[in-house]
Amino acid sequence: MTTVRRGATALTATAVLLVGGAGAFAPAAHAVRAAQSPTPSPSAPALPAGLYGTKDPTYDGVWRQSLAFMAQQVSGVEPAEEAVAWLLGQQCDNGAFPSYRADTAEPCPADLPLDVNATAVALQALKGVDSHEERTDKAREDALDWLKGAQNEDGGWGYNPGSPSDANSTSLVISSLAGVGEEPGSVTTAGGKSPYDALLTFALPCSAPVGGGAFAYQPEKDGTLRANDDATAAAVLAGLGKHMLVRGVTPNQKPTCEDTPKPTAERAARNGAAHLAAALAKTGHLNLPPMPGSAAPADQPDIGNTADAVLALSAAGHGEEAAGAVAWLRDNSAAWAKEGGPAAYAQLVLAGHTAGIDTRDFGGADLVEQLNATGPEPASTPESREKEKAEQQEAQEDSGFPVWLIVAVFLVAGMGIGFLLSGRGKKQRP
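*Asks:* Would you explain the overall build of the protein chain in this entry?
*Replies:* In terms of regular secondary structure, the protein chain is built from 17 helices and two strands. Burial status across the protein chain gives 50% buried among its 430 residues. Summarising the internal contacts of the protein chain: among those between residues at least 6 apart in sequence, 64% fall at separations of at least 24. Accessible surface, the protein chain: about 19,900 Å² in total, of which carbon and sulfur atoms supply 55%.

*Asks:* What should I look at first to understand the environment of Trp146 in this one?
*Replies:* Locating Trp146 in the fold gives a position in helix α6 (residues 133-149). Remark: the alpha-carbon pair of Trp146 and Ala96, spanning 50 residues in sequence, is separated by 6.1 Å. In this view, Trp146 contacts Asn94, Gly95, Ala96, Leu114, Val116, Thr119 and Pro161; residues no more than four positions away in its chain are not counted.

*Asks:* Would you mind showing me how to read the state of the cysteines here?
*Replies:* By definition, a disulfide links two cysteine residues through a covalent bond between their sulfur atoms. If you walk through the whole model with that rule in mind, you get two disulfides. A sulfur-sulfur separation of 2.0 Å characterises the disulfide bridge that pairs Cys206 with Cys257. Between Cys206 and Cys257, the disulfide has an S-S torsion of -95° and is therefore left-handed. Placement of Cys206 in the loop between α8 (195-200) and α9 (229-239) and of Cys257 in the loop between α9 and α10 (265-283) is noted, with a sequence separation of 51 residues between them.

Cut-offs applied
- Residues numbered from 1 in each chain as written.
- Predicted model: local features only at pLDDT ≥ 70, side-chain atom pairs only at ≥ 80, totals over all residues.
- Heavy atoms only, no water.
- Helix = DSSP H or I, 4+ residues; strand = E, 2+ residues; numbered from the N terminus.
- Buried < 20%, exposed > 50% of the residue type's maximum accessible area, 1.4 Å probe, protein only.
- Contact = heavy atoms within 4.5 Å.
- Areas by Shrake-Rupley, 256 points an atom, 1.4 Å probe, with all protein chains shown as cover.
- Disulfide = S-S within 2.5 Å.

Structure (C-alpha coordinates):
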(Lines give C-alpha, C1' and ligand atoms only; values in the text may rest on other atoms or scores of the structure.)
Protein backbone atom coordinates (compact mmCIF):
# COMPACT_ATOMS: atom_id res chain seq x y z
CA MET A 1 0.00 0.00 0.00
CA THR A 2 2.07 2.92 -1.17
CA THR A 3 0.81 6.30 -0.07
CA VAL A 4 -1.16 7.26 -3.16
CA ARG A 5 -0.81 4.24 -5.35
CA ARG A 6 -4.58 3.89 -5.67
CA GLY A 7 -4.53 6.50 -8.43
CA ALA A 8 -7.30 7.05 -10.94
CA THR A 9 -7.45 5.19 -14.23
CA ALA A 10 -6.10 8.15 -16.14
CA LEU A 11 -2.92 8.19 -14.07
CA THR A 12 -2.43 4.44 -14.37
CA ALA A 13 -3.04 4.52 -18.10
CA THR A 14 -0.57 7.36 -18.55
CA ALA A 15 2.07 5.52 -16.59
CA VAL A 16 1.57 2.36 -18.66
CA LEU A 17 2.03 4.34 -21.85
CA LEU A 18 5.17 5.96 -20.49
CA VAL A 19 6.79 2.71 -19.40
CA GLY A 20 6.09 0.95 -22.67
CA GLY A 21 6.81 -2.75 -22.50
CA ALA A 22 6.27 -3.18 -18.79
CA GLY A 23 3.52 -5.72 -19.32
CA ALA A 24 -0.23 -5.56 -19.72
CA PHE A 25 -0.56 -3.50 -16.55
CA ALA A 26 2.31 -1.70 -14.86
CA PRO A 27 2.38 -2.38 -11.11
CA ALA A 28 0.34 0.23 -9.28
CA ALA A 29 3.39 1.17 -7.21
CA HIS A 30 5.14 2.22 -10.42
CA ALA A 31 2.07 3.96 -11.76
CA VAL A 32 1.70 6.41 -8.92
CA ARG A 33 5.37 7.04 -8.39
CA ALA A 34 5.37 8.33 -11.96
CA ALA A 35 3.34 11.30 -10.75
CA GLN A 36 2.79 12.08 -7.10
CA SER A 37 -0.26 14.20 -6.29
CA PRO A 38 0.63 17.71 -7.49
CA THR A 39 0.17 20.79 -5.37
CA PRO A 40 -2.75 22.90 -6.66
CA SER A 41 -1.66 25.83 -8.81
CA PRO A 42 -2.54 29.40 -7.73
CA SER A 43 -5.37 29.41 -10.31
CA ALA A 44 -6.80 26.08 -9.14
CA PRO A 45 -10.11 26.16 -7.25
CA ALA A 46 -9.92 26.06 -3.48
CA LEU A 47 -9.97 22.62 -1.92
CA PRO A 48 -13.30 21.64 -0.36
CA ALA A 49 -13.87 22.07 3.35
CA GLY A 50 -13.45 18.88 5.30
CA LEU A 51 -10.78 17.36 3.07
CA TYR A 52 -7.47 16.19 4.55
CA GLY A 53 -4.31 17.42 2.90
CA THR A 54 -3.52 20.38 0.66
CA LYS A 55 -2.41 18.64 -2.52
CA ASP A 56 -4.53 17.98 -5.57
CA PRO A 57 -7.01 15.26 -4.55
CA THR A 58 -7.82 14.12 -8.09
CA TYR A 59 -6.13 10.75 -7.72
CA ASP A 60 -6.26 10.09 -3.99
CA GLY A 61 -8.91 12.25 -2.29
CA VAL A 62 -11.10 9.41 -1.01
CA TRP A 63 -8.07 7.23 -0.34
CA ARG A 64 -6.23 9.68 1.91
CA GLN A 65 -9.41 10.75 3.71
CA SER A 66 -10.28 7.13 4.49
CA LEU A 67 -6.78 6.22 5.69
CA ALA A 68 -6.77 9.30 7.90
CA PHE A 69 -10.05 8.19 9.52
CA MET A 70 -8.71 4.69 10.17
CA ALA A 71 -5.47 5.98 11.69
CA GLN A 72 -7.46 8.35 13.89
CA GLN A 73 -9.75 5.52 14.94
CA VAL A 74 -6.89 3.43 16.33
CA SER A 75 -5.62 6.56 18.10
CA GLY A 76 -8.90 7.41 19.83
CA VAL A 77 -9.60 10.44 17.63
CA GLU A 78 -13.06 11.26 16.28
CA PRO A 79 -12.90 13.20 13.00
CA ALA A 80 -14.84 16.39 12.48
CA GLU A 81 -18.41 16.11 11.23
CA GLU A 82 -17.52 18.14 8.14
CA ALA A 83 -14.73 15.67 7.31
CA VAL A 84 -17.15 12.74 7.53
CA ALA A 85 -19.70 14.66 5.46
CA TRP A 86 -17.08 15.28 2.78
CA LEU A 87 -16.33 11.56 2.44
CA LEU A 88 -20.02 10.66 2.38
CA GLY A 89 -20.56 13.23 -0.34
CA GLN A 90 -18.06 11.51 -2.61
CA GLN A 91 -20.16 8.35 -2.91
CA CYS A 92 -22.17 7.75 -6.07
CA ASP A 93 -25.81 6.67 -6.00
CA ASN A 94 -24.84 3.09 -6.91
CA GLY A 95 -22.70 2.77 -3.76
CA ALA A 96 -19.28 3.10 -5.39
CA PHE A 97 -16.71 5.78 -4.69
CA PRO A 98 -14.53 7.42 -7.35
CA SER A 99 -10.98 8.46 -6.55
CA TYR A 100 -12.36 11.99 -6.22
CA ARG A 101 -15.12 14.13 -7.66
CA ALA A 102 -15.14 17.90 -7.34
CA ASP A 103 -18.82 18.43 -8.15
CA THR A 104 -21.00 16.66 -5.61
CA ALA A 105 -24.10 18.76 -6.28
CA GLU A 106 -25.02 16.53 -9.22
CA PRO A 107 -25.17 12.72 -9.45
CA CYS A 108 -22.02 10.95 -10.60
CA PRO A 109 -21.78 11.12 -14.41
CA ALA A 110 -22.04 7.83 -16.25
CA ASP A 111 -18.47 8.09 -17.54
CA LEU A 112 -16.90 8.78 -14.12
CA PRO A 113 -14.29 6.06 -13.38
CA LEU A 114 -15.23 4.14 -10.25
CA ASP A 115 -12.50 3.08 -7.86
CA VAL A 116 -12.62 -0.36 -6.23
CA ASN A 117 -9.78 0.49 -3.84
CA ALA A 118 -11.29 3.80 -2.77
CA THR A 119 -14.64 2.11 -2.19
CA ALA A 120 -13.02 -0.61 -0.10
CA VAL A 121 -11.14 1.76 2.21
CA ALA A 122 -14.11 4.11 2.51
CA LEU A 123 -16.27 1.15 3.53
CA GLN A 124 -13.97 0.32 6.42
CA ALA A 125 -13.24 3.95 7.36
CA LEU A 126 -16.91 4.85 7.72
CA LYS A 127 -17.46 1.97 10.13
CA GLY A 128 -15.33 3.74 12.73
CA VAL A 129 -16.94 7.21 12.80
CA ASP A 130 -19.70 8.38 15.14
CA SER A 131 -21.29 11.31 13.29
CA HIS A 132 -23.91 11.11 10.54
CA GLU A 133 -24.91 7.67 11.81
CA GLU A 134 -27.89 7.04 9.52
CA ARG A 135 -25.99 8.23 6.45
CA THR A 136 -22.90 6.19 7.26
CA ASP A 137 -24.94 3.04 7.84
CA LYS A 138 -26.57 3.44 4.43
CA ALA A 139 -23.27 4.35 2.78
CA ARG A 140 -21.58 1.20 4.09
CA GLU A 141 -24.47 -0.99 3.04
CA ASP A 142 -24.43 0.45 -0.48
CA ALA A 143 -20.64 0.25 -0.80
CA LEU A 144 -20.64 -3.37 0.34
CA ASP A 145 -23.34 -4.30 -2.17
CA TRP A 146 -21.45 -2.55 -4.95
CA LEU A 147 -18.17 -4.31 -4.17
CA LYS A 148 -19.88 -7.69 -4.19
CA GLY A 149 -21.44 -6.83 -7.55
CA ALA A 150 -18.06 -5.75 -8.96
CA GLN A 151 -16.38 -9.08 -8.14
CA ASN A 152 -14.72 -10.72 -11.17
CA GLU A 153 -15.49 -14.27 -12.24
CA ASP A 154 -12.15 -15.47 -10.81
CA GLY A 155 -13.24 -14.21 -7.37
CA GLY A 156 -11.00 -11.16 -7.29
CA TRP A 157 -11.14 -7.46 -8.10
CA GLY A 158 -9.25 -5.06 -10.34
CA TYR A 159 -8.71 -1.38 -9.72
CA ASN A 160 -11.76 -0.46 -11.79
CA PRO A 161 -14.87 -2.63 -12.09
CA GLY A 162 -14.37 -5.05 -14.96
CA SER A 163 -10.59 -4.69 -15.12
CA PRO A 164 -8.50 -7.85 -14.59
CA SER A 165 -8.04 -8.89 -10.99
CA ASP A 166 -4.82 -7.86 -9.27
CA ALA A 167 -3.32 -8.83 -5.93
CA ASN A 168 -3.52 -5.34 -4.44
CA SER A 169 -7.18 -4.63 -5.13
CA THR A 170 -8.24 -8.17 -4.25
CA SER A 171 -6.30 -8.01 -0.98
CA LEU A 172 -7.67 -4.61 -0.10
CA VAL A 173 -11.28 -5.71 -0.60
CA ILE A 174 -10.68 -8.88 1.45
CA SER A 175 -9.25 -6.84 4.33
CA SER A 176 -12.07 -4.31 4.17
CA LEU A 177 -14.68 -7.08 4.19
CA ALA A 178 -13.01 -8.53 7.28
CA GLY A 179 -12.89 -5.07 8.83
CA VAL A 180 -16.67 -4.63 8.65
CA GLY A 181 -17.48 -8.09 9.99
CA GLU A 182 -18.01 -9.92 6.70
CA GLU A 183 -16.55 -13.38 6.02
CA PRO A 184 -14.46 -12.83 2.86
CA GLY A 185 -14.46 -16.50 1.93
CA SER A 186 -18.24 -16.52 1.71
CA VAL A 187 -18.31 -13.76 -0.92
CA THR A 188 -18.36 -15.97 -3.97
CA THR A 189 -19.17 -15.70 -7.65
CA ALA A 190 -21.90 -17.59 -9.45
CA GLY A 191 -19.23 -20.14 -10.30
CA GLY A 192 -18.28 -20.58 -6.65
CA LYS A 193 -14.96 -18.69 -6.76
CA SER A 194 -13.96 -16.82 -3.60
CA PRO A 195 -11.54 -13.90 -3.20
CA TYR A 196 -9.02 -16.35 -1.76
CA ASP A 197 -9.13 -18.39 -4.97
CA ALA A 198 -8.10 -15.30 -6.89
CA LEU A 199 -5.44 -14.36 -4.34
CA LEU A 200 -3.70 -17.71 -4.69
CA THR A 201 -3.20 -17.15 -8.42
CA PHE A 202 -0.74 -14.34 -7.62
CA ALA A 203 1.40 -16.35 -5.16
CA LEU A 204 4.90 -17.45 -6.15
CA PRO A 205 5.98 -20.85 -4.83
CA CYS A 206 8.77 -21.00 -2.28
CA SER A 207 10.80 -22.89 -4.87
CA ALA A 208 10.77 -19.94 -7.29
CA PRO A 209 14.37 -18.97 -8.15
CA VAL A 210 13.63 -15.30 -7.51
CA GLY A 211 11.11 -13.95 -5.01
CA GLY A 212 10.05 -17.30 -3.59
CA GLY A 213 6.96 -16.98 -1.38
CA ALA A 214 6.11 -13.46 -2.57
CA PHE A 215 3.04 -12.29 -4.47
CA ALA A 216 2.91 -10.68 -7.88
CA TYR A 217 0.76 -7.67 -8.67
CA GLN A 218 -0.56 -9.38 -11.82
CA PRO A 219 0.80 -12.04 -14.16
CA GLU A 220 2.88 -10.62 -16.97
CA LYS A 221 1.88 -11.15 -20.61
CA ASP A 222 3.50 -14.57 -20.73
CA GLY A 223 1.94 -15.60 -17.42
CA THR A 224 5.14 -15.12 -15.41
CA LEU A 225 4.72 -13.99 -11.82
CA ARG A 226 7.18 -11.32 -10.73
CA ALA A 227 7.56 -10.70 -6.98
CA ASN A 228 6.15 -7.37 -5.82
CA ASP A 229 6.66 -6.29 -2.21
CA ASP A 230 3.69 -3.91 -2.29
CA ALA A 231 1.39 -6.73 -3.41
CA THR A 232 2.99 -9.12 -0.93
CA ALA A 233 2.39 -6.92 2.11
CA ALA A 234 -1.27 -6.46 1.16
CA ALA A 235 -1.71 -10.17 0.41
CA VAL A 236 -0.18 -11.29 3.72
CA LEU A 237 -2.79 -9.31 5.62
CA ALA A 238 -5.63 -10.47 3.38
CA GLY A 239 -4.55 -14.11 3.29
CA LEU A 240 -4.77 -14.19 7.07
CA GLY A 241 -8.27 -12.67 6.90
CA LYS A 242 -7.15 -9.52 8.70
CA HIS A 243 -7.61 -5.78 8.18
CA MET A 244 -5.49 -2.65 8.59
CA LEU A 245 -6.72 -1.84 12.10
CA VAL A 246 -5.67 -5.18 13.55
CA ARG A 247 -3.36 -5.60 16.53
CA GLY A 248 -0.26 -7.75 16.24
CA VAL A 249 -0.13 -11.37 17.33
CA THR A 250 1.99 -12.56 20.26
CA PRO A 251 4.07 -14.48 21.15
CA ASN A 252 6.44 -14.13 18.23
CA GLN A 253 6.47 -16.84 15.58
CA LYS A 254 9.32 -17.56 13.22
CA PRO A 255 8.29 -17.05 9.58
CA THR A 256 8.62 -20.07 7.31
CA CYS A 257 8.08 -20.70 3.62
CA GLU A 258 6.59 -24.03 2.67
CA ASP A 259 5.10 -25.36 -0.55
CA THR A 260 2.16 -27.67 0.10
CA PRO A 261 0.34 -30.07 -2.25
CA LYS A 262 -2.89 -28.11 -1.82
CA PRO A 263 -2.11 -24.42 -1.28
CA THR A 264 -4.29 -22.35 1.03
CA ALA A 265 -4.57 -18.60 1.37
CA GLU A 266 -3.23 -18.74 4.91
CA ARG A 267 -0.20 -20.81 3.90
CA ALA A 268 0.47 -18.45 0.98
CA ALA A 269 0.24 -15.50 3.37
CA ARG A 270 2.74 -17.15 5.72
CA ASN A 271 5.06 -17.67 2.76
CA GLY A 272 4.67 -14.03 1.82
CA ALA A 273 5.56 -13.00 5.35
CA ALA A 274 8.73 -15.10 5.15
CA HIS A 275 9.66 -13.29 1.94
CA LEU A 276 9.14 -9.87 3.56
CA ALA A 277 11.10 -10.85 6.66
CA ALA A 278 14.03 -11.97 4.53
CA ALA A 279 13.92 -8.76 2.50
CA LEU A 280 13.88 -6.56 5.62
CA ALA A 281 16.72 -8.52 7.19
CA LYS A 282 19.10 -7.31 4.49
CA THR A 283 18.93 -3.56 5.11
CA GLY A 284 16.12 -2.94 7.61
CA HIS A 285 13.88 -1.57 4.85
CA LEU A 286 12.39 -2.46 1.49
CA ASN A 287 13.75 -0.95 -1.68
CA LEU A 288 11.92 0.93 -4.39
CA PRO A 289 12.45 -0.81 -7.74
CA PRO A 290 13.33 1.57 -10.56
CA MET A 291 10.71 2.62 -13.07
CA PRO A 292 10.98 0.47 -16.21
CA GLY A 293 13.39 2.20 -18.56
CA SER A 294 14.69 4.48 -15.81
CA ALA A 295 18.38 4.92 -15.07
CA ALA A 296 17.67 5.40 -11.36
CA PRO A 297 19.39 2.89 -9.07
CA ALA A 298 17.33 0.05 -7.62
CA ASP A 299 18.39 0.59 -4.03
CA GLN A 300 16.23 3.62 -3.21
CA PRO A 301 14.52 3.05 0.16
CA ASP A 302 10.77 2.46 -0.07
CA ILE A 303 9.36 4.00 3.11
CA GLY A 304 5.69 3.39 2.37
CA ASN A 305 6.08 -0.28 1.59
CA THR A 306 8.40 -0.71 4.56
CA ALA A 307 5.60 0.58 6.80
CA ASP A 308 3.18 -1.83 5.13
CA ALA A 309 5.60 -4.71 5.66
CA VAL A 310 5.82 -3.83 9.37
CA LEU A 311 2.02 -3.94 9.59
CA ALA A 312 1.79 -7.26 7.71
CA LEU A 313 4.58 -8.98 9.68
CA SER A 314 3.24 -7.78 13.01
CA ALA A 315 -0.26 -8.97 12.11
CA ALA A 316 1.21 -12.36 11.22
CA GLY A 317 2.98 -12.67 14.58
CA HIS A 318 6.47 -11.79 13.33
CA GLY A 319 7.04 -8.68 15.41
CA GLU A 320 10.69 -9.45 16.08
CA GLU A 321 11.36 -9.60 12.35
CA ALA A 322 9.67 -6.21 11.95
CA ALA A 323 11.51 -4.52 14.83
CA GLY A 324 14.51 -3.46 12.77
CA ALA A 325 12.25 -1.85 10.18
CA VAL A 326 10.36 0.00 12.93
CA ALA A 327 13.64 1.46 14.17
CA TRP A 328 14.61 2.41 10.62
CA LEU A 329 11.25 4.13 10.05
CA ARG A 330 11.67 6.13 13.25
CA ASP A 331 14.93 7.54 11.91
CA ASN A 332 14.03 8.01 8.26
CA SER A 333 10.33 8.66 7.72
CA ALA A 334 9.83 12.25 8.93
CA ALA A 335 10.54 14.10 5.67
CA TRP A 336 8.66 11.49 3.64
CA ALA A 337 5.58 11.77 5.84
CA LYS A 338 5.60 15.56 5.71
CA GLU A 339 5.78 15.49 1.93
CA GLY A 340 3.22 12.68 1.58
CA GLY A 341 0.67 14.26 3.91
CA PRO A 342 -2.31 12.55 5.54
CA ALA A 343 -2.02 9.16 3.83
CA ALA A 344 1.68 8.91 4.71
CA TYR A 345 1.09 9.81 8.36
CA ALA A 346 -1.77 7.32 8.42
CA GLN A 347 0.40 4.50 7.07
CA LEU A 348 2.92 5.04 9.84
CA VAL A 349 0.23 5.26 12.53
CA LEU A 350 -1.47 2.07 11.35
CA ALA A 351 1.83 0.22 11.17
CA GLY A 352 2.78 1.42 14.64
CA HIS A 353 -0.61 0.42 16.02
CA THR A 354 -0.26 -3.13 14.73
CA ALA A 355 3.33 -3.33 15.93
CA GLY A 356 2.27 -2.13 19.39
CA ILE A 357 4.47 0.98 19.51
CA ASP A 358 3.72 4.55 20.59
CA THR A 359 3.11 6.66 17.48
CA ARG A 360 2.78 9.78 19.62
CA ASP A 361 6.52 9.56 20.21
CA PHE A 362 7.85 8.21 16.95
CA GLY A 363 11.40 9.37 16.43
CA GLY A 364 10.55 12.38 18.58
CA ALA A 365 7.41 13.20 16.57
CA ASP A 366 3.74 12.89 17.46
CA LEU A 367 2.39 11.28 14.30
CA VAL A 368 -1.22 11.50 15.46
CA GLU A 369 -0.96 15.22 16.10
CA GLN A 370 0.71 15.73 12.73
CA LEU A 371 -2.03 13.74 11.00
CA ASN A 372 -4.77 15.70 12.76
CA ALA A 373 -3.17 18.94 11.61
CA THR A 374 -3.66 18.00 7.94
CA GLY A 375 -7.46 18.23 8.24
CA PRO A 376 -10.23 20.02 10.13
CA GLU A 377 -9.99 20.05 13.90
CA PRO A 378 -11.20 16.67 15.19
CA ALA A 379 -14.52 16.42 16.98
CA SER A 380 -12.65 14.93 19.91
CA THR A 381 -9.30 13.49 20.92
CA PRO A 382 -8.15 11.62 24.02
CA GLU A 383 -6.56 14.88 25.18
CA SER A 384 -9.68 16.99 24.63
CA ARG A 385 -11.88 14.45 26.40
CA GLU A 386 -9.48 14.30 29.33
CA LYS A 387 -9.38 18.10 29.47
CA GLU A 388 -13.17 18.31 29.41
CA LYS A 389 -13.38 15.76 32.21
CA ALA A 390 -10.86 17.70 34.30
CA GLU A 391 -12.73 20.98 33.70
CA GLN A 392 -16.01 19.41 34.80
CA GLN A 393 -14.39 18.03 37.93
CA GLU A 394 -12.80 21.41 38.70
CA ALA A 395 -16.13 23.16 38.21
CA GLN A 396 -17.79 20.77 40.63
CA GLU A 397 -15.09 21.37 43.21
CA ASP A 398 -15.32 25.16 42.79
CA SER A 399 -19.09 25.08 43.29
CA GLY A 400 -18.58 23.89 46.86
CA PHE A 401 -21.34 21.34 46.44
CA PRO A 402 -19.79 18.10 45.13
CA VAL A 403 -21.77 15.73 42.96
CA TRP A 404 -21.50 12.94 45.54
CA LEU A 405 -23.32 15.17 48.07
CA ILE A 406 -26.11 15.85 45.58
CA VAL A 407 -26.50 12.13 45.01
CA ALA A 408 -26.53 11.50 48.76
CA VAL A 409 -29.25 14.13 49.30
CA PHE A 410 -31.47 12.53 46.68
CA LEU A 411 -30.88 9.07 48.18
CA VAL A 412 -31.84 10.26 51.66
CA ALA A 413 -34.89 12.07 50.30
CA GLY A 414 -35.92 8.95 48.44
CA MET A 415 -35.60 6.85 51.58
CA GLY A 416 -37.72 9.36 53.53
CA ILE A 417 -40.47 9.26 50.93
CA GLY A 418 -40.36 5.49 51.04
CA PHE A 419 -40.78 5.40 54.82
CA LEU A 420 -43.63 7.92 54.63
CA LEU A 421 -45.53 5.89 52.06
CA SER A 422 -44.92 2.73 54.05
CA GLY A 423 -46.32 4.37 57.20
CA ARG A 424 -49.43 5.54 55.42
CA GLY A 425 -49.98 2.08 54.08
CA LYS A 426 -49.90 0.59 57.61
CA LYS A 427 -52.42 3.15 58.96
CA GLN A 428 -54.88 2.33 56.22
CA ARG A 429 -54.96 -1.38 57.03
CA PRO A 430 -58.10 -2.62 58.93
